[in-house]
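Close look at the chain arrangement
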Amino acid sequence: MSDGEPLLKVEDLEVSFATEEGVVQAVDGVTFDLEAGEVLAVVGESGSGKSVTAMTLMGLTRSPNARFEGTAHYKGTELIGAPEDELRRIRGAEIAMIFQDPMTSLNPVVRIGDQIVEQIQEHEGVPDQQARERTVELLERVGIPRARERVDNYPFEFSGGMRQRVMIALALSCNPSILIADEPTTALDVTIQAQILQRIQELREETGAAVILVTHDLGVVADIADRIAVMYAGRIVEQGTLDQIFYDPQHPYTWGLLGSITRVDKPRPERLPAIAGLPPSLANRPEGCHFRPRCPHEFAECPKVPPLVGRVDGQPDHLDRCWLAVDEKRVKREVAPGEIGLAAKEEARA
Amino acid sequence: MATEPVSEQTALQRPAAWEEEADREQVHGLGPWRLGLRRLRRNKVALAFAALFVLLLAACLAAPLWADQVAKTGPNTNHLSDTIRVDGERKNVVALDGVPIGPQYLKADGKFFLGADPNGRDIMVRLLYGGRNSLMIGITAALITTFLSILLGTIAGYFRGAADVVIRNLLDIMWSFPVIILGVALGVALALGGIDIGPISIAPDSLAIPIGIIGLVYVPYMARPVRGQVMSLREKEFVEAARAQGAGPLRIMFTEVVPNLASTILVFFTLLIANAVLLEAALSFLGAGVQPPNPSWGSMIDEGVDRIATAPHLAIVPGVMLVLTVLSLNVFGDGVRDALDPRAKVRLEH
Amino acid sequence: MLRFVVRRLLQMVLVMFAVSVLTFFIFNVIPNGDPAVRMAGRQPTETQIEQIRKEWNFDEPIYVQYVTTMEKVFTGDLRSYFTQLPVGEEILKGLPRTLSLAIGAALLWMFVAVCLGLYSAVKAGKFADRFLTIIALVGISMPVFWVGALMSYYLGFKLGWFPNGGYVELTEDPIDWAYHLILPWTALAILFIGFYSRVLRSNVLDTINEDYVRTARAKGLGERQIMVRHVLRNSLIPVVTLWGLDFGAVVGGGAILTETVFDLQGVGQYAAEAIGQLDVPPVLATTMIIAFFVVLMNAVVDILYAYLDPRIRLQ
């Protein structure tokens, strides 16, 4: 692989499902790159298409009603539509995944050690004893106390945070190049969240794996992400480095997300801010920019689909999908202290 | 540009705005019943079998019509020494060697359409009357089971405590008796003297006996799931809300709990009829159900099996009717269950 | 685990006691009329009725009657008033035949149902699945005695491919023993295959959608391995419970109907003949024994389930 080529190159990925209500476009032209060793956070609310994107990269979207378009190149292999045995070779060994709910993501009647050994044996036919040793080491690395004893325990014998560590150990067992973490902390207590994220961060530094972190929580992202992609209704609406997104956000939806984080360094708001309105039905999306119905800054250009391009001078990698001019954006997003960064959409539509 | 004044109220404070929003999105959620009905309508196979059942039911209910107008005989009338005219010839209904006449179809103006049994009785007439008995027993028994199950299950599930313990243990003990065994035991016990407990007095050859027995033996099978559902419904918010409004337990049970049981009950009811009809056939086959000379498909098969070598149609005909009836109920019940199942896997063209 | 087993066995004994009381009630308390007359069967004589009344203590209070009844059943002092043969002996004679039928049918139905259910689940929604579903539904719609009679007639009597009924001792000739049981096993299994293949299909479909199966796939495991090591294993555990319960039901109900049709002279046929004659003692005894057997199987199955599911085993 020549340098300069990203580890993973996703282009115009589209995933749609046929349902009783019609065709649901879950992922609508998603394009991004992932460099080796970097942490890319994919942020969005439920239904934004972030999980479907992650699953599709590993070929785990298996509904018979699903249709795929676009490409995802990984180290010379095309992932979308690849034959099963190719994908199987890659799953676990090259690209590994951590799921949201560790309670249900581990087989309840199989010992956790066996579940990890199973993956190791699948990809590297090493002797049993060796696989077991590696498993114990992995458990120690992720911070499971008394790993040598606990390797023979069942999942129900661990707490939620511990189970997630087991999943991390499982994911890293074959030294993948990419780790996809789908809402890894959502099912956990807030106090445990920080620990898990830190662990992921440390392990990333040790192993050099790239991480795709899928989450709805910008607070989680602030600590460990290098780059952020904000998704809304199946599209990436803004993409940039951590600093760019947090300090110079260009899309009204991002403003709303940032504004809805309660901040310790700002005065407490009167009421918990929220973005007014609801995300669109994915079977019936608005024409042009998907965010139009909720955006108070809508104007004449908006019925045209805004392309994901860089509009900010000096920030060529900072892309967004908003027709507004950059200086207008910088003004509109400033609000009084304690207010949300995105005004409620009033009778502007009337 | 100055910041736009932001209203104090977000959309959350103005419910009217939410509704406008929802209307604009044109998302019309269908209730589970309408959705289920629509799915059921699409299930052609289930509907076809439902029609078959209705047809069979109608035919059996029209038994007196057939008996009076076409066959001109009753279900229990012997014609051992009679003759009929077939294509101008005179034939014995029961030949001198004891072999009854075979199916005549329309050759004798509809008399002995399906032939005669060893006692010279018209099989078609007996078949239809027997079907009337079997179906009436099956449906009434299913109604009794449903009623008792709802009663016991709701009391046990809602009030818990002592009532639950008593009911649950009673059901468990009944459960220890295989359905046929319990049916047979009761059948034999009641066959000679009938019942005379307090106000209830039933003669031994009344159809109420098999109805009561079959209705009773299936109660544990339905009461248990009802109880389970009631227990979980009890914890739901809308019940709490009703309680907070001051509704008494009886009222809550009738207005909140029971309607939510409806889909479970509906599915069970269809399958209950199917099983009740089969059980009645088994009991009558053994002699512990419908007592002779009253016809029932089960007892007709019993009589037919004895002479299967010489007159196989005696056993085959009632059996086929039985299978068709039960099958149509099973297929339809299956279709209803699928239609009401929110997780049904629907395969759609894309 | 040991505590669980002990507790479960105690529970079993209590249920058996309750079962015996209920059986007693069914035969001697609920029905109308003179229990002695009932016991005497279809054509009772005065002397018979008197004798029965004394033997069973029908003039005594209910609990004495209960104790007498239980004594008679368990000490083998029970005699059929119709055939004059001792009930206990007849039951013991028929037991190996009934068990041969039940165990063979149970193994057959389990094996076929697992295969069909798994296949149906894997091909869910496609033609093969829908076809098998219809077949399964037909299977559960056919009364076992009718199917058995037809099989015996067409395959046994007319075509001569199989014996027309009857039973050969296992000790005499194992091959002939099996040969005579093939049709009865099949007839009895058809009903349960229909039911179990659908239960298994439903369990497998549920399991396939579980998160841990998705994890297994994300590990890069092959489909077959996922099916066997994760899906099947987890789907079978609840089926074990059902199987145990139904085995009791087979011995109870299915056997009665099947043995009669194939003339196997097992406990079931013995009971069936007694039923036809309204001969109470054998029916009472077999009812209770079969119910006891079901209770026993329930306990065994619960214990087995607890062993298989580590969540319960390690409490």
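Every value quoted in this text rests on a predicted model; they were computed, and no experiment measured them.

Of the regular secondary structure elements, chain A holds 12 helices and 12 strands. Taking 350 residues into account, the globule formula puts the C-alpha radius of gyration at 20 Å, and chain A, at 21 Å, falls close to it. Oriented by its inertia axes, the alpha-carbon framework of chain A measures out at about 70 × 45 × 45 Å. Relative to its full complement of 350 residues, chain A shows a buried share of 56%. Long-range pairs, those at least 24 residues apart, make up 65% of the contacts in chain A between residues at least 6 apart in sequence. Averaged over its 37 positive side-chain charges, chain A has a centre that lies 3 Å from the centre of its 56 negative ones.

This brings us to the overall build of chain B. Along the backbone of chain B there are 13 helices and four strands. Classification of the 350 residues of chain B by burial places 47% in the buried group. Counting contacts in chain B only where the partners sit at least 6 residues apart, residues at least 24 apart contribute 68% of the total. Of the accessible surface of chain B, which amounts to about 16,800 Å², a share of 61% is contributed by carbon and sulfur atoms.

Right, let's get into the confidence of the model for chain B. Predicted confidence across chain B gives a mean pLDDT of 79, with 85% of residues reaching 70 or more. Across residues 345–350 of chain B the pLDDT falls below 50, and counting only partners more than four positions away or on other chains, this stretch makes 17 contacts in the model.

Before going further, it helps to spend a moment on helix α4 (residues 62–74) of chain C. Residues and elements named next belong to chain C. For α4, with 13 residues, the first-to-last C-alpha span of 18 Å sits near the 18 Å given by 1.5 Å per residue. Buried within α4 are the following residues: Gln65, Tyr66, Thr68, Thr69, Met70, Lys72 and Val73. In this fold, the buried residues of α4 make contact with α1 (2–28), α3 (46–56) and α12 (280–308). Gly76 occupies a position one or two residues after α4 and carries a positive phi of about 75°.

Contacts between the two partners involve 49 residues from chain C, matched on the other side by 47 residues from chain B. When chain C packs against chain B, close to 4,200 Å² is buried across both sides, 79% of that on carbon and sulfur atoms. When the buried area of chain C at its contact with chain B is split by residue, Asn32(C), Phe145(C) and Trp146(C) rank highest and sum to 15% of it. Where chain C touches chain B, the interface holds one salt bridge. A salt bridge links Arg198(C) to Asp334(B); the nearest nitrogen and oxygen atoms lie 2.5 Å apart.

Before going further, it helps to spend a moment on the interface of chain A and chain C. The interface of chain A with chain C comprises 26 residues on the first partner and 22 residues on the second. Counting each side, the surface lost to burial between chain A and chain C is near 2,300 Å², with a carbon and sulfur contribution of 56%. The largest contributions to the chain A side of the interface with chain C come from Val109(A), Glu118(A) and Phe156(A), which together make up 26% of the buried area. A salt bridge links Lys219(C) to Glu118(A); its shortest N-O distance comes to 3.1 Å. Between the two partners, chain A and chain C, sit 11 residue pairs in polar contact (both at pLDDT 80 or more). Residue assignment for the side of chain A that touches chain C shows that the elements contributing at least two residues are α3 (102–105), α4 (112–123) and α7 (160–172) of chain A. Element by element, the count of residues in the side of chain A that touches chain C is highest for α4(A), at five residues.

All names here are of chain C. Two numbers describe how helix α11 (residues 267–276) lies on α12: the axes approach to 8 Å, and their chain directions differ by 140°. As far as their axial angle goes, α12 and α11 are oblique. When you trace α11 past α12, the crossing you get is left-handed. Taking contact as the criterion, the partners of Val267, Tyr270, Ala271, Ala274 and Ile275 in α11 are, on α12, Pro282, Val283 and Thr286. Here the residues of the contact of α11 with α12 are counted per class, giving seven nonpolar, one polar and no charged.

A few words on the nonpolar core. Among the nonpolar cores identified, the biggest contains 171 residues, and Leu286(B), Phe27(C), Trp109(C) and Phe145(C) are the most heavily contacted of them. Take this core: its biggest share by element is 16 residues, from helix α11 (residues 249–286) of chain B. Once you skip the residues sitting within four places of it in the chain, Phe145(C) turns out to touch Ala281(B), Ala282(B), Phe285(B), Ile301(B), Leu257(C) and Val261(C). Counting 77 residues, the second-largest nonpolar core is a separate cluster that includes Ile90(A), Ala96(A), Met162(A) and Leu179(A).

In this section: the pattern of salt bridges. Residue and element names in this part refer to chain B. Evaluated as defined, the whole model comprises 40 salt bridges over all chains. The salt bridge partner of Arg121 is Glu303, with a shortest N-O separation of 3.8 Å. Here Arg121 is found in the loop between β2 (89–92) and α5 (123–159), whereas its partner Glu303 is found in helix α12 (residues 297–306), with 182 residues between them in sequence.

As a further point, take the packing of aromatic side chains. Applying the stated criterion across every chain yields a total of 23 aromatic pairs over all chains. Residues Phe247(C) and Phe293(C) carry aromatic rings whose centres are separated by 6.0 Å and whose planes lie at 55° to one another, so their mutual orientation is tilted. Placement of Phe247(C) in helix α10 (residues 223–262) and of Phe293(C) in helix α12 is noted, with a sequence separation of 46 residues between them. Using a relative accessible area of 22% as the deciding quantity, one classes Phe293(C) as partly exposed. Each residue in the set Phe17(C), Phe24(C), Phe25(C) and Tyr66(C) is aromatic and connected to the rest through ring pairs, giving one cluster. Above the face of the Phe158(A) ring, Arg150(A) is positioned so that its terminal group lies 4.2 Å from the ring centre. Taking the ring centre of Trp323(A) as reference, the NZ or CZ of Arg311(A) above it sits at 5.8 Å.

What follows deals with a nonpolar patch on the surface. Judged by side-chain polarity, Leu92(C), Leu95(C), Leu99(C), Ile103(C) and Leu107(C) come together as a nonpolar surface patch covering roughly 450 Å² of accessible area. Note on placement: Leu92(C) falls in helix α5 (residues 87–122).

Residue and element names in this part refer to chain A. With antiparallel pairing, four strands are arranged side by side in an open sheet as β2-β1-β4-β5. The sheet terminates laterally at β2 (22–34) and β5 (77–78), the two strands that pair on one side only. By the bridge criterion, two bridges tie strand β4 (residues 66–74) to β5 in an arrangement that is antiparallel. Following the sheet pairing, Tyr74 is matched in β5 by Thr77. Seen against the sheet, helix α1 (residues 50–57) touches β1 (8–19), β2 and β4 and runs at an angle of roughly 110° to β1.

On to unusual backbone geometry. Despite not being glycine, Lys75(A) has its phi angle at roughly 45°, a positive value. When its relative accessible area of 40% is taken as the criterion, Lys75(A) is described as partly exposed. One non-glycine residue, Asp263(C), lies in the positive phi region at around 55°. Mapped onto the elements, Asp263(C) comes out in the loop between α10 and α11.

Once that is clear, we can look at the environment of Tyr218(B). As for its position among the elements, Tyr218(B) is in the loop between α8 (208–217) and α9 (219–234). Among residues more than four places away in sequence, those in contact with Tyr218(B) are Thr145(B), Val179(B), Leu272(B), Asn275(B), Ala276(B) and Leu279(B).

Residues and elements named next belong to chain A. With respect to topology, eight strands assemble into an open sheet ordered β6-β7-β8-β3-β9-β10-β12-β11, the strand pairing being mixed. Each edge of the sheet is formed by a strand with only one pairing partner; in this case those strands are β6 (95–98) and β11 (309–310). Inspection of the sheet shows strand β3 (residues 39–43) paired to strand β8 (residues 210–215) by five bridges, in the parallel sense. Its bridge partner lying in β8, Val39 is registered against Val211.

One face of the sheet, then the other: side chains in a regular strand alternate in exactly this way. Residues and elements named next belong to chain A. Here β6 shows a buried face lined by Ile95 and Met97 and a second buried face lined by Ala96 and Ile98. Across four bridges, the pairing between β6 and strand β7 (residues 178–182) is parallel. In the sheet register, Ala96 faces β7, and the bridge partner there is Leu179.

The subject of this paragraph is a positive patch on the surface. On the surface, Lys72(B), Arg85(B), Arg90(B) and Lys111(B) cluster together into a positively charged patch. Residue class for Arg85(B) comes out exposed when judged on its relative accessible area of 54%.

Let us look at the confidence of the model for chain A. Of the residues in chain A, 91% have a pLDDT of 70 or more, and the chain-wide mean is 85. Residue range residues 346–350 of chain A is modelled with pLDDT below 50. Its contacts to residues more than four positions away, or to other chains, number seven contacts.

A separate point is the side chain of Lys50(A). Residues and elements named next belong to chain A. Positionally, Lys50 belongs in helix α1. Under the relative-accessibility criterion, Lys50 is labelled buried at 5%. Looking at Lys50, its side chain comes within polar contact range of the main-chain oxygen of Glu45, at 3.3 Å. Side chain to side chain, Lys50 and Glu183 meet in a polar contact 3.4 Å long.

Parameters at a glance
Residues numbered from 1 in each chain as written. Chains lettered and ligands numbered in written order. Predicted model: local features only at pLDDT ≥ 70, side-chain atom pairs only at ≥ 80, totals over all residues. Heavy atoms only, no water. Helix = DSSP H or I, 4+ residues; strand = E, 2+ residues; numbered from the N terminus. Rg over C-alpha atoms; globule rule 2.2 N^0.38 Å. Buried < 20%, exposed > 50% of the residue type's maximum accessible area, 1.4 Å probe, protein only. Contact = heavy atoms within 4.5 Å. Lys, Arg positive; Asp, Glu negative; His and termini not counted. Charge placed at Lys NZ, Arg CZ, Asp CG, Glu CD. Areas by Shrake-Rupley, 256 points an atom, 1.4 Å probe, with all protein chains shown as cover. pLDDT = per-residue confidence, 0-100. Expected span 1.5 Å × (residues − 1). Buried area = accessible area lost by both parts, 1.4 Å probe. Salt bridge = Lys/Arg side-chain N within 4 Å of Asp/Glu carboxyl O. Polar contact = N/O pair within 3.5 Å; in protein donor to acceptor, adjacent residues only side chain to side chain. Axes fitted to C-alpha atoms, helices over the stretch in contact; angles between N-to-C directions. Parallel < 35°, antiparallel > 145°, perpendicular 65-115°, else oblique. Left-handed = near helix turned anticlockwise from the far one by under 90°. Nonpolar A, V, L, I, M, F, W, Y, C, P; charged D, E, K, R; others polar. Core = buried A, V, L, I, M, F, W, Y, C linked by side-chain atoms within 4.5 Å. Phe/Tyr/Trp six-rings, centres within 6.5 Å; stacked < 30°, edge-to-face > 60°. Lys NZ or Arg CZ within 6 Å of the ring centre and 35° of its normal. Patch = residues over 30% accessible without salt bridge, like charges linked within 9 Å, V, L, I, M, F, W, Y side chains within 5 Å. Pairing = 2+ DSSP bridges.

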